[in-house]
Amino acid sequence: MTDATDVNGANGHRSKLGGSHTTIIGGRIGKKIVSLLSRHPEVKKIIPSVITVKGKGNSGGMLNARVQRPDERGNLRLLISHGTSFQELRIITTVGSFEEGERIMEELNSLLVDE
């Protein structure tokens, strides 16, 4: 068993994905982004929220992802947009302060730029 595998043999990012549903917009690329961010040692859980569609238009298009400002406990938001759809995902971290959350935000955004 490797570090990326939990006791049930599941991928590490799957065990960190939670919430009422696990649908991620952007297909394979969206899932790859979530998997990449979930590998960060200080990311505890990623919780997808509702997918929102703004207006009519092409549902495809470019995929953008950005980790946004932390709350007072260091938890973050990941905003993924794909065409006219967007989704916010909560990133629960192991840190407990705004300042540490900002550090993690910068690290996660640098991972997204590298991809």
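One structure accompanies this document, and this report is about it. Every chain is numbered on its own, with residues counted from 1 as its sequence reads. For a predicted model such as this one, the threshold for reporting local features is a pLDDT of at least 70, and the threshold for listing and counting side-chain atom pairs is 80 or more; totals across whole chains, interfaces and linings nevertheless cover every residue. Computation of side-chain values covers all heavy atoms of the structure but excludes hydrogens and water.

**Brief notes about the pattern of salt bridges**
Side chains that differ in charge, positive against negative, can pair when their charged atoms come close. Salt bridges, as used here, are contacts in which a Lys or Arg side-chain nitrogen is within 4 Å of a carboxyl oxygen on Asp or Glu. In total, this model carries six salt bridges according to the counting rule given. Of the charged contacts in the structure, one is a salt bridge between Arg 103 and Glu 42, with a shortest N-O distance of 2.9 Å. In this pair, Arg 103 is assigned in helix H3 (residues 98-114) and Glu 42 in the loop between helix H2 (27-38) and strand E1 (43-53), connecting sequence segments 61 residues apart. On the basis of relative accessibility, which here comes to 29%, the residue Arg 103 falls in the partly exposed class. Between Arg 90 and Asp 71 there is a salt bridge, and its shortest N-O distance comes to 3.3 Å. Of this pair, Arg 90 sits in strand E4 (residues 85-93) while Asp 71 sits in the loop between strand E2 (63-68) and strand E3 (76-82), and the two are 19 residues apart along the sequence. In DSSP terms, a helix is any run of H or I states spanning at least four residues, a strand is any run of E spanning at least two, and both are numbered starting from the N terminus. Only protein chains enter the area calculation, which uses a 1.4 Å probe; residues under 20% of their type maximum are buried, those over 50% are exposed, and those in between are partly exposed.

**Observations regarding H3**
In a helix, the anticipated span is given by 1.5 Å times the number of residues less one. Helix length check: H3 (17 residues) gives 24 Å between terminal C-alpha atoms against 24 Å at 1.5 Å per residue, within 8%. Structurally, H3 contributes buried residues whose contacts are with H2, E1, E2, E3 and E4. Whether two residues are in contact is decided by their heavy atoms, any of which lying within 4.5 Å being enough.

**Some remarks on the environment of His 21**
Tracing the backbone through its elements, the reader meets His 21 in the loop between helix H1 (12-16) and H2. Between the C-alpha atom of His 21 and that of Pro 48, which follows or precedes it by 27 residues, the distance is 6.9 Å. When near neighbours in sequence (up to four residues on either side) are disregarded, His 21 contacts Pro 48, Ser 49, Val 50 and Gln 87.

**What about the packing of H2 against H3?**
Whenever a helix is involved, its axis is fitted only over the stretch in contact; in every case the axis is a line through C-alpha atoms, and angles between N-to-C directions fall within 0 to 180 degrees. Following both chains from N to C, one finds H2 and H3 inclined at 135°, their axes separated by 10 Å at the closest point. Looking at the two axes, H2 sits oblique to H3. As for the relative orientation of H2 and H3, their crossing is right-handed in sense. Between H2, through Ile 33, Leu 36 and Leu 37, and H3, the contact on the second element is made entirely by Leu 108, Leu 111 and Leu 112. With respect to orientation, any angle under 35 degrees is reported as roughly parallel, any angle over 145 as roughly antiparallel, any angle of 65 to 115 as roughly perpendicular, and every other angle as oblique. By the definition used in this description, the sense in which the near helix is turned from the far one sets the handedness, with an anticlockwise turn below a right angle giving left-handed and a clockwise turn giving right-handed.

**Topic: H2**
Here H2 is twelve residues long and its end C-alpha atoms lie 17 Å apart, about the 16 Å a rise of 1.5 Å per residue gives. Buried within H2 we find Gly 30, Ile 33, Val 34, Ser 35, Leu 36, Leu 37 and Ser 38.

**Examining the nonpolar core**
What we call a nonpolar core is a set of buried Ala, Val, Leu, Ile, Met, Phe, Trp, Tyr and Cys residues that are connected through their side-chain atoms within 4.5 Å. Ranked by size, the top nonpolar core spans 20 residues in total, and within it Leu 37, Ile 46, Val 67, Leu 78, Ile 91 and Leu 108 carry the most contacts. Every element with two or more residues in this core is listed here: H2, E1, E2, E3, E4 and H3. Element by element, the count of residues in this core is highest for H3, at four residues. Ignoring any residue separated from it by four or fewer positions in sequence, one finds Ile 91 in contact with Leu 37, Val 43, Lys 45, Ile 46, Val 67, Asn 75, Leu 76, Leu 78 and Leu 108.

**Overview of the pairing of E4**
Only one face of E4 is buried: it carries Ser 85, Gln 87, Leu 89, Ile 91 and Thr 93, and the other face, with Phe 86, Glu 88, Arg 90 and Ile 92, is open. Two strands are said to pair when DSSP picks up at least two bridges between them. Two elements, E1 and E4, share eight bridges in a ladder whose sense is antiparallel. When the bridges of E4 are listed, Ile 51 appears paired with Gln 87. Across seven bridges, the pairing between E3 and E4 is antiparallel. Along E4, the bridge assignment pairs Leu 76 with Ile 91. Hairpin geometry of E3 and E4 is characterised by an intervening segment of two residues between the two adjacent antiparallel strands and by a positive phi of about 65° at Gly 83.

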